[in-house]
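One-letter residues, chain by chain:
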Amino acid sequence: MDTHLKRKLPIAVFRKPKESQLTAVFQFGEDLFRTADFQEKGFVFAPFHSEENAVLIKPDELHKVQVPSILPTQKGELKINDIDKEVHINLVKKGIEEISTGNLKKVILSRRVDYSSSKKPVEVLQKLLANYPNAYCYLFYHPKVGMWCGATPETLVHIKNGNLSTMSLAATLPYTANTKPEWGPKEIEEQKMVSDYIREKLEHTVANFEIGKTESVRAGNLWHLKSEVKGNLPANADIKKIIMALHPTPAVCGIPTQKAKEFIKKNEGYDRSFYTGFLGEINLNSPGEISLFVNLRCMELSEGTASIYVGGGITAESNPESEWIEIQNKSLTMLNIL
Ligand SMILES: C=C(O[C@@H]1C=C(C(=O)O)C=C[C@H]1O)C(=O)O
């Protein structure tokens, strides 16, 4: 992996949640390929704004190894970057105002924070693997795209043998050991909006469509609300259409989708790039097997800098100060690694 990175060649390395196998996809040659219809074989990496097709890393060589067992790192003193607190609070207020006009029901508002870091990508990946066994941990590099890594709790879609599964994941509280979180109506509604959206998008395409019960799940130092979703695909299903119907869900964009997208583009004041896009393997193990995740709890690594991307869902009931604390907590997932 080190040699490949030194030669500045494209690579994607990942480990699925709760698994111990690490997969590395090596591309020899720096061509920038894109997927046309998700029928290709490889690893895809898609930005939030999907004007262009997802980047594809072709598996010129594929390696699978067991993840070496590494102990979780001790958490040291964390330096949270409080710069721009006002900027974010004002953005959230603007979102709440827009919601009060009836133009939007929900919008996810985010920011990017730069930290200086000289950590080697391989070391960052090792730490992600050791600290977040329940997340999808990855490292992605393409000389024409950049270097990204993360530990995401959110599935976009899995497809295998015609069975489809996804999840509705939203709402956040700080993780508390030994006690289950107490969710208020704001959080319950926020997550229900995501479930309703997924239902609307898939119910008529997928047979035996089913949304499971909602439960609290841990993601690092946070709790979220999650419902598992499943169904069966018809034999002639258009995979690209299904993926693009799910991306972006109101877990990362908002309701209604188009208006939320426009609000985000106009007001966030930076480019989300691949944050809240999606990534993962397509047809790598067998034809028709797809495993995609939403790019959250992630960072972009460049010379001497690690840029952490975080955001949170805003609804009519949101409190700007609490939303600020929520994204600070979310940024700890990556800050703990640096
Ligand atoms: C947008 C993020 O997370 C998403 C937003 C959540 C929320 O609003 O509570 C919770 C989980 C994710 O669906 C992020 O981590 O940056």
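Residues numbered from 1 in each chain as written. Predicted model: local features only at pLDDT ≥ 70, side-chain atom pairs only at ≥ 80, totals over all residues. Heavy atoms only, no water.

### Side note on the overall build of the protein
Let me state the cut-off plainly: The numbering of helices and of strands both runs from the N terminus, where a helix is a DSSP run of H or I of at least 4 residues and a strand a run of E of at least 2. In this setup the radius of gyration rests on C-alpha atoms only. A globule is expected at 2.2 Å times the number of residues raised to 0.38. Throughout this description, buried means an accessible area under 20% of the type-specific maximum (1.4 Å probe, protein chains only), exposed means over 50%, and partly exposed covers the range between. A contact between two residues is defined here by any heavy atoms of the two lying within 4.5 Å. Each accessible area is a Shrake-Rupley result for a 1.4 Å probe, and residues are judged covered by the shown protein chains and nothing else. By the counting rule applied here, Lys and Arg register as positive and Asp and Glu as negative, while His and the ends of each chain are not counted. In this description, the location of a charge corresponds to atom NZ of lysine, CZ of arginine, CG of aspartate or CD of glutamate.
Helix and strand counts for the protein stand at seven helices and 18 strands. On C-alpha atoms alone, the protein measures out to a radius of gyration of 19 Å, which is about the 20 Å that the 2.2 N^0.38 rule sets for 338 residues. Overall size of the protein, expressed as C-alpha extent along the three principal axes, is 50 × 50 × 40 Å. Split into buried and exposed, the 338 residues of the protein put 55% on the buried side. Restricting the contact set of the protein to residue pairs at least 6 apart, pairs at least 24 apart contribute 71%. Accessible surface for the protein amounts to roughly 15400 Å². Of this, 49% is attributable to carbon and sulfur atoms. The centroid of the 42 positive side-chain charges in the protein is displaced by 3 Å from the centroid of its 41 negative side-chain charges.

### Quick look at the UniProt feature "domain: Chorismate-utilising enzyme C-terminal" (unreviewed entry) in the protein
Selection criterion: UniProt positions are given in the numbering used here, feature names are shortened, and annotations may be inferred rather than shown by experiment.
The UniProt entry lists residues 85-330 under the feature "domain: Chorismate-utilising enzyme C-terminal" (unreviewed entry), expressed in the numbering used here. Across residues 85-330, the secondary structure splits into 30% helix and 38% strand, with the terminal C-alpha atoms separated by 15 Å.

### Re the packing of aromatic side chains
Using the following cut-off: Between rings of Phe, Tyr and Trp, where Trp is taken as its six-membered ring, a pair exists when centres lie within 6.5 Å; planes separated by under 30 degrees are stacked, by over 60 edge-to-face, and by other angles tilted. Placement of a positive charge over a ring is assigned whenever Lys NZ or Arg CZ falls within 6 Å of the ring centre and within 35 degrees of the normal to the ring plane.
For the structure shown, the criterion picks out 14 aromatic pairs. Ring geometry for tyrosine 136 against phenylalanine 293: centres 3.9 Å apart, planes inclined by 15°, an arrangement best described as stacked. With tyrosine 136 in strand β8 (residues 136-142) and phenylalanine 293 in strand β16 (residues 290-294), this pair connects stretches of sequence that are 157 residues apart. Each member of the pair, tyrosine 136 as well as phenylalanine 293, is classed as buried. An aromatic cluster of at least three residues, connected via ring pairs, comprises Phe14, Phe43, Phe45, Tyr136, Tyr138, Phe140, Trp148, Tyr270, Phe274, Tyr275, Phe293 and Tyr309. Its end group placed over the ring of tyrosine 175, arginine 218 keeps NZ or CZ at 3.8 Å from the ring centre.

### As for the sheet that holds strand β2 (residues 21-26)
Under the convention used in this document: At least two DSSP bridges between two strands are needed for those strands to be called paired. Geometry is summarised by axes, namely lines fitted to C-alpha atoms with helices restricted to the contacting stretch, and by angles between N-to-C directions that run from 0 to 180 degrees.
With respect to topology, nine strands assemble into an open sheet ordered β6-β2-β1-β8-β9-β17-β18-β7-β14, the strand pairing being antiparallel. This sheet does not close on itself; its edge strands, each paired only once, are β6 (61-66) and β14 (254-255). Across the sheet, helix α2 (residues 85-100) touches β7 (106-116) and β18 (305-314), and the angle it forms with β7 is around 170°.

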